[in-house]
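Here is what each chain is made of, one letter per residue.
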Amino acid sequence: MFKYLNKDLPASIVVFFVALPLCLGIALASGAPPFAGMIAGIIGGIVVGSLSGSQIGVSGPAAGLAAIVMTAITTLGYEDFLVAVVLGGLIQVLFGVARLGIIGYFFPSSVIKGMLTGIGIIIILKQIPHFFGMDEDPQGDFAFLQLDGENTLTELLKSINALISGNFSIGATIIAVAAMAILLLWSNVLSNKGKIFTLIQGPLVAVVIGIIYFVVTKDSSIGITKEHLVDVPVPDDFDSFLGQFSFPNFSALNNTAVWITGFTIALVASLETLLCVEATDKLDPQKNVTPTNRELFAQGTGNMISGMIGGLPITQVIVRSSANIQSGGRTKLSAIVHGFLLLIAVILIPTLLNKIPLSVLAAILFIVGFKLAKPSTFKQMFSLGWKQWVPFLVTIIGIVFKDLLWGIGIGLVVGIIITLIKSYQNSHFLHKEGEDVDDGKIKMTLAEEVSFFNKATILKELDRLPENSFLELDVRKTRSLDHDIIEILEDFAVKAKERNINIKLVSERGIVENPESYIDFFTLRPKVKKFRVKS
């Protein structure tokens, strides 16, 4: 775990600065005490990070659960709600034991990529008001409709009008522009100039400059007012610090509503986690495959502990995970250290944290959002054809104009409808033929049509291949191969080299030894014409 310490430590600092306002904002958006969000972030980093099998995933309080949490707190009361969080964690552990982690593999690649892109767009849109020091809503409120009755578009219109009329925070804007310049200079120029610029990350420099700016310009015309700074609870002494913790009222176990809320939290948190696991594995340059059943067990354990001490429900979160990947994180040490940084910050330096301008953090999140929603992603998905483009686009629209779970649900329904239409046109299913031959040779034959429904089965079969073996992949009968399956083959090609597995691809076009790119191969293969026989 300490092999990539020089990469994981700088990444953990970036994730810490991204997670800090999100933990506080999601707590406020959920109607919970701000400290409850910090507890969830700390437990998500230290406990879930230690138990999880994910190398680059980061867990914490999730915006997708904010509406459920707010309703539960209002209906049950906070202490009874904490019982539901503990029950939800226990149910998640049972999900892991029952090996239900496979559910995440039944979501098509186009929906997962739409989720990543939609979240990137949401991050950018939500940070624009903070960038100019105008929106006082919580950072974690990622839904279209906001707590103050506004929505994403009206907040943007208000920001544009404020910019035109000059009614915005000059100080917040100045330091935000400076922070953006530092981040771009660091990533595009300085990171290639010396090792010191990779150890000390641009976001850390931007935050330090932001604190200095606030202190120097305090009470001046270009200063930053308190409402545009991070707001971490500051206890007066150790007793008041302990007083921030809340504990569940287990006498509420006889309340049916508590059990229903617990199951709802477990179901939604598990689904959101599995989708984020699928997304982070796709973003991971090392192509690690996260054991999903172990992830459910880790998340459930984290939720049980978080609920026991007054924290919010926890899931793996794509914003923090993608920030970790983009900052060069390689192992779970990055997530664990980020949790310790949150803990140390809350105990030792809450006053210093409250001097960080939100506009600086908005600049950091701008970069994260843009890397998730790059224009090249839209171009790539459009080039793959309407079967990939339509679910991708529908998912984005649903996330931007409703929320995360609605967007994913709509995208999945559209993806299933498209698959059913294609299956109706050609009703073939996956047929795998695994026959052990002498000298470690294994043969796998794909059928005429293979869709994303077969993703989990193929992935499991490939992962079971022993090291130093020989795989013959026969696609001579295959006429339709879903893009999700091609991506699995691409990822497996990377892992195969590490496991010394030789691959022979047998097709109508010939035999290829250890192909470098499956995407190019299947994109260029000729289409077979279909003829209708007249009676």
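Rules used in this analysis
- Residues numbered from 1 in each chain as written.
- Predicted model: local features only at pLDDT ≥ 70, side-chain atom pairs only at ≥ 80, totals over all residues.
- Heavy atoms only, no water.
- Helix = DSSP H or I, 4+ residues; strand = E, 2+ residues; numbered from the N terminus.
- Rg over C-alpha atoms; globule rule 2.2 N^0.38 Å.
- Buried < 20%, exposed > 50% of the residue type's maximum accessible area, 1.4 Å probe, protein only.
- Contact = heavy atoms within 4.5 Å.
- Areas by Shrake-Rupley, 256 points an atom, 1.4 Å probe, with all protein chains shown as cover.
- Lys, Arg positive; Asp, Glu negative; His and termini not counted.
- Charge placed at Lys NZ, Arg CZ, Asp CG, Glu CD.
- Salt bridge = Lys/Arg side-chain N within 4 Å of Asp/Glu carboxyl O.
- Phe/Tyr/Trp six-rings, centres within 6.5 Å; stacked < 30°, edge-to-face > 60°.
- Core = buried A, V, L, I, M, F, W, Y, C linked by side-chain atoms within 4.5 Å.
- Pairing = 2+ DSSP bridges.
- pLDDT = per-residue confidence, 0-100.

Draft legend 1. Just the overall build of the chain, in detail. Looking only at helices and strands, one finds 22 helices and nine strands in the chain. For 535 residues, the compact-globule formula gives about 24 Å, and the C-alpha radius of gyration of the chain, at 25 Å, lands near that figure. By residue count, 54% of the 535 residues in the chain fall in the buried class. Look at the contacts in the chain between residues 6 or more apart in sequence, and 80% of them connect residues 24 or more apart. Accessible area of the chain: about 23800 Å², with a carbon and sulfur share of 64%. Of note, the chain has its 43 positive side-chain charges centred 9 Å away from the centre of its 44 negative side-chain charges.

Draft legend 2. Representation of the pattern of salt bridges. What the rule picks out here adds up to nine salt bridges. For Lys287, the salt bridge is made with Asp491, and the minimal N-O distance between the two is 3.6 Å. One end of the pair, Lys287, is in the loop between helix H11 (256–283) and helix H12 (292–308); the other, Asp491, is in helix H21 (residues 483–498), and 204 residues separate them in sequence. Put simply, Arg476 and Asp474 hold a salt bridge, and the shortest N to O gap is 2.7 Å. Asp474 sits in the buried class, given a relative accessible area of 5%.

Draft legend 3. Summary view of the side chain of Asp284. Secondary-structure assignment places Asp284 in the loop between H11 and H12. For Asp284, which is buried and forms no salt bridge, the nearest opposite charge comes from Arg330, at a distance of 6.3 Å.

Draft legend 4. Representation of the packing of aromatic side chains in the model. Applying the stated criterion across every chain yields a total of twelve aromatic pairs. Where Phe378 meets Phe392, the ring centres are 5.5 Å apart and the plane angle is 75°; that geometry is what we call edge-to-face. A residue pair is termed long-range when its members are at least 10 positions apart, and Phe378 in helix H17 (residues 375–383) and Phe392 in helix H18 (residues 386–401) qualify at 14 residues. Classification of Phe392 by relative accessible area gives buried; the value is 0%. Taken together, Phe35, Phe238, Phe241 and Phe245 form an aromatic cluster joined through their ring pairs.

Draft legend 5. How the structure looks around the nonpolar core. Counting residues in hydrophobic clusters, the biggest one holds 96 residues, and the most contacted among them are Phe81, Leu312 and Ile356. Core analysis: the second largest hydrophobic core is formed by 25 residues, Leu459, Leu481, Leu489 and Ala493 among them.

Draft legend 6. Here's a closer look at unusual backbone geometry. In this structure, Asn468 is a non-glycine residue whose phi angle is positive, near 60°. By the secondary structure assignment, Asn468 is in the loop between helix H20 (455–463) and strand E6 (470–474). Overall, the relative accessible area of 53% leaves Asn468 in the exposed class. Phi is positive for Asn514, which is not a glycine, with a value near 45°. When you line up the elements, Asn514 lands in the loop between strand E9 (510–513) and helix H22 (518–524). Among the residues examined, Asn514 registers a relative accessible area of 36% and is labelled partly exposed.

Draft legend 7. Here's a closer look at the pairing of E9. Bridging between strand E8 (residues 502–507) and E9 involves four bridges; their strand directions are antiparallel. Looking at E9, one finds that Ser507 is bridged to Gly510. Between E8 and the antiparallel strand that follows it, E9, lie two residues.

Draft legend 8. Inspection of the confidence of the model for the chain at higher detail. Per-residue confidence for the chain averages 85 on the pLDDT scale, and 92% of its residues sit at or above 70. Within the model, the stretch residues 426–432 combines pLDDT values under 50 with 21 contacts to residues more than four positions away or in other chains. Note on residues 526–531: pLDDT under 50 across the span, and three contacts to partners over four residues away in sequence or across chains.

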